[in-house]
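Given next are the chains, with one letter for each unit.
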Amino acid sequence: MRILLAEDEKRMAAALVALLKAEKYDADHVADGGSALEALKSGVYDIAVLDVMMPEMNGFEVARRARKSGVKTPILMLTAKSQLDDKITGLDSGADDYLTKPFETRELLARIRALGRRNVGFQEEGLRFGDLLLDTASATLSCEKTGQRVRLSEKELRILEYMFASNGQIMTREQLAVKIWGFDSEAEYNNVEVYMSFTRKKLAFVGSGVVIKAVRGLGYELREQDV
């Protein structure tokens with residue numbers, strides 16, 4: 001799961017990024033509201049954690065503009081303000097949850113997990129698409145039709161997790177590169193093609209009727225083959 005953290009206080013941001021990565025999340029950090037809004041519009045994030053007080057644009061305005069642009073990413077708002085009116089403002093702006101500073105890291109992680117469970121396709125036992133079940137906790141892929149299962153590498157897991165959640169929509173190579181490797185990565189598009197090849201082999205190994213199709217000039221889509 002990829003998380004966007006928008007926080008302008010350097011020490012707080014560094015500590016939260018380290019915490020998220022220790023919990024096996026992919027975390028990207030921005031330090032101002034304008035960058036947060038552009039990152040949210042990219043559509044590659046599963047959850048956004050936004051500080052309210054940021055340069056250029058506050059968290060309330062980021063959430064408001066993101067929702068107006070059609071962004072559906074769950075948003076957790078972080079703020080030093082605890083007044084009821086501020087909480088209502090945050091929720092009315094489009095935030096899904098609200099956490100007041102200072103906070104316990106265990107509560108932050110619990111709220112992130114709760115928001116993650118709201119994503120399309122999530123079930124307690126994993127993510128489903130066609131005859132496939134993706135267990136993100138154990139990084140395994142299984143086919144309900146054949147009973148076969150296989151262990152996935154980290155990148156294969158991220159690719160399938162993203163494609164399962166997209167529910168059959170076409171994913172561009174750029175979207176996949178940013179989603180799996182991050183904005184600051186030097187990974188090239190051929191990395192996407194290489195790992196797509198690996199992932200296709202895993203689908204074939206478990207005997208699934210689901211395939212990854214290359215859509216010329218666009219990208220890739222997850223598709224159930226006609227039987």
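Criteria and thresholds
Residues numbered from 1 in each chain as written. Predicted model: local features only at pLDDT ≥ 70, side-chain atom pairs only at ≥ 80, totals over all residues. Heavy atoms only, no water. Helix = DSSP H or I, 4+ residues; strand = E, 2+ residues; numbered from the N terminus. Contact = heavy atoms within 4.5 Å. Polar contact = N/O pair within 3.5 Å; in protein donor to acceptor, adjacent residues only side chain to side chain. Salt bridge = Lys/Arg side-chain N within 4 Å of Asp/Glu carboxyl O. Buried < 20%, exposed > 50% of the residue type's maximum accessible area, 1.4 Å probe, protein only. Phe/Tyr/Trp six-rings, centres within 6.5 Å; stacked < 30°, edge-to-face > 60°. Pairing = 2+ DSSP bridges. Axes fitted to C-alpha atoms, helices over the stretch in contact; angles between N-to-C directions. Parallel < 35°, antiparallel > 145°, perpendicular 65-115°, else oblique. Left-handed = near helix turned anticlockwise from the far one by under 90°. Nonpolar A, V, L, I, M, F, W, Y, C, P; charged D, E, K, R; others polar.

## Quick look at the overall build of the chain
Link 1 in the chain: Secondary structure assignment for the chain yields eight helices and twelve strands.
Link 2 in the chain: Restricting to contacts in the chain with at least 6 residues of sequence separation, those with at least 24 account for 56%.

## Side note on the side chain of Lys 101
Link 1 in the chain: One can find Lys 101 in the loop between β5 (97-100) and α5 (105-116).
Link 2 in the chain: At 3.0 Å, the side chain of Lys 101 forms a polar contact with the side chain of Glu 7.
Link 3 in the chain: At 3.0 Å, the side chain of Lys 101 and the side chain of Asp 51 are in polar contact.

## Quick notes on the pattern of salt bridges
Link 1 in the chain: As enumerated under the stated definition, the model contains 15 salt bridges in all.
Link 2 in the chain: When the shortest N-O distance is used, the salt bridge between Asp 97 and Arg 111 registers 2.7 Å. With Asp 97 in strand β5 and Arg 111 in helix α5, this pair connects stretches of sequence that are 14 residues apart.
Link 3 in the chain: A relative accessible area of 17% places Asp 97 in the buried class.
Link 4 in the chain: Residues Arg 158 and Glu 161 are paired through a salt bridge, measuring 3.2 Å at the closest nitrogen-oxygen approach. Of this pair, Arg 158 and Glu 161 are both found in helix α6 (residues 154-166), three residues apart, which corresponds to roughly one turn of the helix.
Link 5 in the chain: Here the salt bridges do not stand alone but share partners, grouping Glu 7, Asp 51 and Lys 101 into one network.

## A word on the packing of aromatic side chains
Link 1 in the chain: Within the structure shown, the criterion is met by two aromatic pairs.
Link 2 in the chain: Measuring from centroid to centroid gives 6.0 Å for Phe 129 and Phe 164, while their planes differ by 45°, and the two rings are tilted. Linking Phe 129 in strand β7 (residues 126-129) with Phe 164 in helix α6, this pair joins segments that are 35 residues apart in sequence. The same class applies to Phe 129 as to Phe 164, namely buried.
Link 3 in the chain: Look at Tyr 195 and Phe 198: their rings are 5.4 Å apart centre to centre, the planes differ by 85°, and that puts the pair in the edge-to-face class. In this pair, Tyr 195 and Phe 198 both sit in helix α8 (residues 189-205), three residues apart, roughly one turn of the helix.
Link 4 in the chain: By relative accessible area, which is 26% here, Tyr 195 ends up partly exposed.

## Considerations on the pairing of strand β12 (residues 219-224)
Link 1 in the chain: The pairing of strand β11 (residues 210-215) with β12 spans six bridges and is classified as antiparallel. Residue Val 211 lies in a different strand from β12, and its bridge partner there is Arg 223.
Link 2 in the chain: The loop that links β11 with its antiparallel partner β12 comprises three residues; one of these, Gly 217, has a positive phi angle of about 80°.

## Things to note about the packing of helix α1 (residues 10-22) against α5
Link 1 in the chain: The contact between α1 and α5 brings their axes to 12 Å, and the two run at 60°. As far as their axial angle goes, α5 and α1 are oblique. In this structure, α1 crosses over α5, and the sense of that crossing is right-handed. In this structure, α1 uses Leu 16, Leu 19 and Leu 20 to contact α5, whose residues at the interface are Thr 105, Leu 108, Leu 109 and Ile 112.
Link 2 in the chain: The residue inventory of the contact of α1 with α5, partitioned by class, reads six nonpolar, one polar and no charged.

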